[in-house]
Amino acid sequence: MKKLNSLAVIYASEGTGHKTAAFALCEAFLAYNPQGRLLCLDILDIIPPWLKYAVSEGYAAMARRAPWLWGAFYWGSDRPGAQSRAFEWTHEKLCRLYLPRLDRLFAANGTEAALFTHYFGAAELARAQSGLMPVCCVDTDFECHSFQLSADFAWSFAGSERAVSRRASRGIYNVSDSGVPIARKYKKLPAKEEARARLGLPRDERVILVSGGGLGAGALFAAAKSLAAIRGLRVVVVCGGNHRLLWQMEGYFRFKENVRVKGFVPDMENYYAAADAAVMKPGGLSVSEALCAGLPMLLIDPIPGQEELNMAYLTSKGAAWHIPRPSKAAEAAAALFSGGAAQEMSEAAKELARPEAADEIIAKTAEII
């Protein structure tokens, strides 16, 4: 088998998941070939800055303030109709204008294969590079969108068996159920006692993590208020990049000793490992990381589209519950710990965990060059 010496990993700074998955793939590639040449690129950097800003900031604004609008776009573009045709036309024009820049970067880097964690330009480049260089699609959620369904990809790496089945229904069989790629640190998490010691959390209290992912979206405030009223419960809130929410919550919980509020944290693995359960949004990367800790999940405020599908997948597998009203998080937590549900959900989460996903993707990519 030829060794993979030069790889391109392409993501989009639309939200945080695509980038996080791309960085996990880069990390896995350098573990596989420390001397390898790596090109890691935000695909939005090849389009005009004003358009990049509109796409990346527009998504963040919709996720935090108007998720229904994102849902309308997601479902409208996933199904045959006028909206999907309009998007395909626009996408094709943009690719024709700007993808040649990517070709030049690949040539300069001697790129032997490309992995896309975002759809923009992916299928078009795969079609253009057919027979020359493998271009592959990597899912960052448990279900795939129609943009990711292309027989032109040299290989598709599915987030779950459901995404494999959807591709098979379209006659796409060059696919494997790899799972969502996450950082190598999730392959071996610290023990709960060690993680709590690192974070300065008590060993003998129940700890619930409240997280809105990298964007800090969702009704974290309402969930935290509800949980804070439970005696003997320690609540740790991670607001991600949502600075406004961080300031608001720091002010509100300043004198509440059982609530700790954090912004973006670089050691999220310690927070997952230290917790007994998590109240969180069902972002593909966040929940994939939490699964590695065997963490029972109470899911809130899914963004319509991919997060709704992630939630449906996790609840169907017994690894999570949906809380329709985040203000009722305390009642859900009480129900979770009143019987054997927490242990059952933890075991289901461990069954679904795919900590080796990034390594498997790199190994398969090396196999097909």
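For the structure, see preceding data.
The sections below set out a description of the structure shown in this document. (Residues numbered from 1 in each chain as written. Predicted model: local features only at pLDDT ≥ 70, side-chain atom pairs only at ≥ 80, totals over all residues. Heavy atoms only, no water.)

## A look at the side chain of N270
Locating N270 in the fold gives a position in helix α10 (residues 268–274). With relative accessibility at 5%, the residue N270 sits in the buried group. There is a polar contact of 2.9 Å between the side chain of N270 and the side chain of R198. Discounting residues that sit within four places of it in the chain, N270 has contacts with P190, A195, R198 and L199. (Helix = DSSP H or I, 4+ residues; strand = E, 2+ residues; numbered from the N terminus. Buried < 20%, exposed > 50% of the residue type's maximum accessible area, 1.4 Å probe, protein only. Polar contact = N/O pair within 3.5 Å; in protein donor to acceptor, adjacent residues only side chain to side chain. Contact = heavy atoms within 4.5 Å.)

## Things to note about the sheet that holds strand β4 (residues 135–138)
Overall, parallel pairing links the six strands, which are arranged β2-β1-β3-β4-β5-β6 in an open sheet. The open sheet has two free edges, formed respectively by β2 (37–42) and β6 (175–177), since each of these has just one partner strand. Shown here is a sheet whose adjacent strand axes are inclined to one another by a mean of 20°, direction ignored. Pairing of strand β1 (residues 6–11) with strand β3 (residues 113–116) involves four bridges; the strand directions are parallel. Its bridge partner being in β3, V9 is matched across the sheet by L115. (Pairing = 2+ DSSP bridges. Axes fitted to C-alpha atoms, helices over the stretch in contact; angles between N-to-C directions.)

## Comments concerning the packing of helix α3 (residues 67–78) against helix α12 (residues 306–316)
Closest axis-to-axis distance for the α3/α12 pair is 9 Å, and the angle between their directions is 80°. Viewed along their axes, α3 and α12 adopt a mutual orientation that is roughly perpendicular. Side by side, α3 and α12 meet where W70, Y74 and W75 of the first sit next to Q306, E308 and L309 of the second. Its residues assigned to classes, the contact of α3 with α12 shows four nonpolar, one polar and one charged. (Parallel < 35°, antiparallel > 145°, perpendicular 65-115°, else oblique. Nonpolar A, V, L, I, M, F, W, Y, C, P; charged D, E, K, R; others polar.)

## Quick look at the packing of aromatic side chains
Within the structure shown, the criterion is met by nine aromatic pairs. Their ring planes at 35° and their centres at 6.3 Å tell us that F29 and Y32 sit as a pair that is tilted. Of this pair, F29 and Y32 both sit in helix α1 (residues 17–32), three residues apart, roughly one helical turn. Under the relative-accessibility criterion, F29 is labelled buried at 0%. On the basis of an interplanar angle of 45° and a centroid distance of 4.6 Å, the ring pair of Y119 and F147 is categorised as tilted. Taken together, the residues span a long stretch of sequence, with Y119 in the loop between β3 and α5 (122–128) and F147 in the loop between β4 and β5 (155–158) at a distance of 28 residues. Taken as a pair, Y119 and F147 share a single burial class, namely buried. Connected via pairs of aromatic rings, a cluster forms that spans F221, Y252 and F253. The ring of Y32 carries the charged tip of K3 above its face, separated from the ring centre by 4.3 Å. The aromatic ring of Y252 is capped on one face by K225, whose charged end is 4.9 Å from the ring centroid. (Phe/Tyr/Trp six-rings, centres within 6.5 Å; stacked < 30°, edge-to-face > 60°. Lys NZ or Arg CZ within 6 Å of the ring centre and 35° of its normal.)

Just geometry here; none of it tells us what the structure is for.
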